[in-house]
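Residues per chain are reported as follows:
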Amino acid sequence: MTRYIFITGGVASSLGKGIASAALGALLQSRGYSVKLRKLDPYLNVDPGTMSPYQHGEVFVTEDGTETDLDLGHYERFTDVNSSVQDNITTGQIYNKVIERERRGDYLGGTVQIIPHVTDQIKEFIVNNNKNVDFCLCEIGGTVGDIEGLPFFEAIRQLGNELPSSKTCFVHLTLVPYIAAAGEVKTKPTQHSVKELRSIGIQPDVLVCRSEKEIDRSDIKKIAIFCNVSENSVIQATDVNTIYATPKVYMKNGFDTQVLKSMNIKKPSKINLRKWNKVVNSINNPKGEVNIAVVGKYIGLKDAYKSLTEALTHGGIANDVRVNIHWIDSEKIKNKSNIRKLKFMSGILVPGGFGERGVEGKILAINYARLNKIPYFGICFGMQLAVIEAARNLAKIKDANSSEFSKTKNPVIGLMTEWEKDQQKFVRSNASDYGGTMRLGSYPATLKSRSLVSKIYKYTNIKERHRHRYEVNINYKSDLEKSGLKFTGMSPDGLLTEVVELNDHPWFVGVQFHPELKSRPFNPHPLFASFIKASINVKS
Ligand code: GLN
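Cut-offs and rules
- Residues numbered from 1 in each chain as written.
- Predicted model: local features only at pLDDT ≥ 70, side-chain atom pairs only at ≥ 80, totals over all residues.
- Heavy atoms only, no water.
- Helix = DSSP H or I, 4+ residues; strand = E, 2+ residues; numbered from the N terminus.
- Rg over C-alpha atoms; globule rule 2.2 N^0.38 Å.
- Contact = heavy atoms within 4.5 Å.
- Areas by Shrake-Rupley, 256 points an atom, 1.4 Å probe, with all protein chains shown as cover.
- Lys, Arg positive; Asp, Glu negative; His and termini not counted.
- Charge placed at Lys NZ, Arg CZ, Asp CG, Glu CD.
- Buried < 20%, exposed > 50% of the residue type's maximum accessible area, 1.4 Å probe, protein only.
- Pairing = 2+ DSSP bridges.
- Right-handed = clockwise from strand over helix to strand, strands pointing away.
- Near = heavy atom within 4 Å.
- Polar contact = N/O pair within 3.5 Å; in protein donor to acceptor, adjacent residues only side chain to side chain.
- Nonpolar A, V, L, I, M, F, W, Y, C, P; charged D, E, K, R; others polar.
- Core = buried A, V, L, I, M, F, W, Y, C linked by side-chain atoms within 4.5 Å.
- Patch = residues over 30% accessible without salt bridge, like charges linked within 9 Å, V, L, I, M, F, W, Y side chains within 5 Å.
- Salt bridge = Lys/Arg side-chain N within 4 Å of Asp/Glu carboxyl O.
- Arc of directions from axis to C-beta.

J.: Got a minute to help me understand the overall build of the protein in this structure?
T.: Scanning the protein from terminus to terminus reveals 17 helices and 25 strands. A compact globule built from 540 residues would reach a C-alpha radius of gyration of about 24 Å, and the protein, at 25 Å, matches this within 12%. Within the protein, residue pairs in contact and separated by at least 24 positions form 72% of the contacts whose partners lie at least 6 positions apart. Carbon together with sulfur atoms contributes 49% to the accessible area of the protein, which is approximately 23300 Å² in total. Of the charged side chains in the protein, 72 are positive and 56 negative, and the gap between their average positions amounts to 6 Å.

J.: It is not clear to me how the pairing of strand 15 (residues 376-379) should be interpreted in this structure. Could you clarify?
T.: In summary, the side chains of a regular strand alternate between the two faces of the sheet. Here strand 15 shows two buried faces, one formed by Tyr 376 and Gly 378 and the other by Phe 377 and Ile 379. Both strand 14 (residues 347-350) and strand 15 contribute to a ladder of 3 bridges, which runs parallel. Bridging across to strand 15, Ile 348 finds its partner in Tyr 376. Assessed by its sense of winding, the connection that carries the chain from strand 14 through helix 13 (residues 359-371) to strand 15 is right-handed. Where strand 15 and strand 25 (residues 508-511) come together, 4 bridges link them in parallel fashion. Looking at strand 25, one finds that Ile 379 is bridged to Val 511.

J.: How should I be thinking about the site of the ligand in this particular structure?
T.: Around the ligand sit Gly 352, Gly 353, Phe 354, Cys 380, Phe 381, Gln 384, Glu 404, Arg 467, His 468, Arg 469, Tyr 470 and His 514, and those are all the residues in its vicinity. One nitrogen or oxygen atom from the side chain of Glu 404 is found 2.7 Å from a nitrogen atom belonging to the ligand. Contact with the protein chains hides 99% of the accessible area of the ligand, taken as 300 Å² for the molecule alone. When residues of the shell around the ligand are traced back to their parent elements, those giving at least two are helix 14 (381-393) and strand 21 (461-468). Looking at side-chain class alone, the shell around the ligand contains 4 nonpolar, 5 polar and 3 charged residues.

J.: I keep staring at the nonpolar core and nothing clicks. Help me out?
T.: As a rule of thumb, soluble globular proteins bury nonpolar side chains together. Counting residues in each nonpolar core, the largest one holds 44 residues, and the members touching the most others are Ile 5, Leu 28, Phe 135, Leu 137, Val 171, Phe 255 and Val 259. Contact partners of Ile 5, with chain neighbours within four places excluded, come to Leu 24, Leu 28, Phe 135, Cys 136, Leu 137, Cys 138, Cys 169, Val 171, Val 259 and Met 263. Ranked by size, the runner-up nonpolar core spans 41 residues in total, among them Ala 365, Ile 374, Ile 397 and Val 472.

J.: Could you clarify how one ought to interpret the pairing of strand 21 in this entry?
T.: Counting buried positions over the 8 residues of strand 21 gives 6, a clear majority of the element. With 8 bridges joining them, strand 20 (residues 439-447) and strand 21 adopt antiparallel strand pairing. Residue Pro 444 lies in a different strand from strand 21, and its bridge partner there is Lys 463.

J.: Sorry, what's going on with a nonpolar patch on the surface here?
T.: Together, Tyr 95, Ile 99, Ile 114 and Ile 115 line one region of the surface with nonpolar side chains, adding up to about 350 Å² of accessible area. Checked against the element boundaries, Ile 114 lands in helix 5 (residues 114-127).

J.: Any chance you could explain helix 8 (residues 217-227) here in plain terms?
T.: Three or four residues apart is the spacing at which side chains of an α-helix point the same way, because the helix has 3.6 residues per turn. Residues of helix 8 that are buried include every one of Asp 219, Ile 220, Ile 223, Ala 224 and Cys 227, and no others. Each buried residue of helix 8 lies within a common arc of 140° when the element is viewed along its axis, so the set occupies one face. Seen from the buried face of helix 8, the exposed residues on the opposite side, beyond 90 degrees, are Arg 217 and Ile 225. Close packing links the buried residues of helix 8 with strand 9 (184-185), helix 7 (188-199), strand 10 (206-211) and strand 11 (234-238). Asn 228 sits one or two residues past helix 8 and shows a positive phi near 65°.

J.: Looking at this structure, how should I read the side chain of His 468?
T.: Structurally, His 468 is set in strand 21. In this structure His 468 comes out as buried when scored by relative accessible area, which is 2%. Separated by 2.8 Å, the side chain of His 468 and the backbone oxygen of Tyr 470 make a polar contact. Look past the residues within four positions of His 468 in its chain and what remains in contact with it is Cys 380, Gln 384, Met 416, Met 438, Arg 439 and Gln 512.

Dropping the structure here:
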């Protein structure tokens, strides 16, 4: 029977609950268990797909095309287990389901209430489809005490009663702040947070205490007494220089063994952390460094490009170099003289994006990379803009643009109106809903043999994850090819452009998909590994 580990947070947000959950998953895996991770988000949005990256960070996309919270990206990177539509839920989705059921008459005229109807729906989500999984780790978004989180806490409390005690574990992540003026760490916020949790009926089994300074024995003792846990169940989680060091640090501090002990597994099987040691070793002992410019719009909030940042780090791991990312605000690249910063870069990357703001700056950066033979990697929007740049400056279609933000007569990038997946037909128009209506998830592409990209992948049939509304307008393909832009990856029916590249350039690749979503620290994505390798060869 599957065991359930519930991870809640207190004191403050942004303590790294997602990474703690992912690292615990990785540790259990390293002991030979199978794991699955789920995220329960208490906000009312139906999915994070339409939420601002400024507020919410990146939207992670799964193989099956679900737009999810960025924590699912951590889960996948740490455990290499692909998430699905069943692994992220929001209050919005729960309410949608409950109301749908009510309309259908499923509740037989009864009064529909938070308890039991909403909580039942949450419990159904948690326990659904966990066959053959040893551990299902469920992270509750937000912090204890948030009004919208209450039904979720109530649901896991109920599960704690309904399931045998050896099948559940409650982990609570808190902050133990260091007060410089007093020169000591403070345990009171943790005590209050656990008090709050206990007041809604949940006694944590294990506490994970984030702290910038070492917490000494007497403070651990204090936390244990006031929070009603054993001293061994108070796990220190001091800051680490790379998130990939967390599994090892947590293991050393007894996190996984304590979790297992609380579920009556007293003699867990041996742990093998070899692959994690290799990753951390490579990050901590680079043989060189490389400077990569990421030219984007949301550079104020790094979380907006979480998977991209990680994938670049993985590309560095593959080549034993440190990747220094230079975030460049595309709105500030107004003219060619402002582009000077790019001179010192070994590689230029334009990531995914939406809307008109900053577009011309990105196109200037692409133009600079093309003319100066600097490795260029265009991802989704970055690929579409590379096509526009080539159309304007190579094919001399001066007003080439995207119909996403222009009424040009030459939309080299246009709205995709119809396509098929798994024998299902999708139809879109400008009037379609905004949420969940993009080309989402994994789609196949066929690569041209002998192209740079097929050499990088080492095969010609690939599958990558998508998230976009617009496509390269196939009517311009032959003009663009004549002018030098090569279409080296297409959908199997040959209608949708997946990859473009330039021949007379050391490394110029644009991809319509998001390869960063499939990169793993111990299995870097070949495109990122190759891009970083090409950039190492450029003097900066
Ligand atoms: N805005 C573009 C589109 O919708 C690109 C999206 C993206 O980069 N993810 O097609």
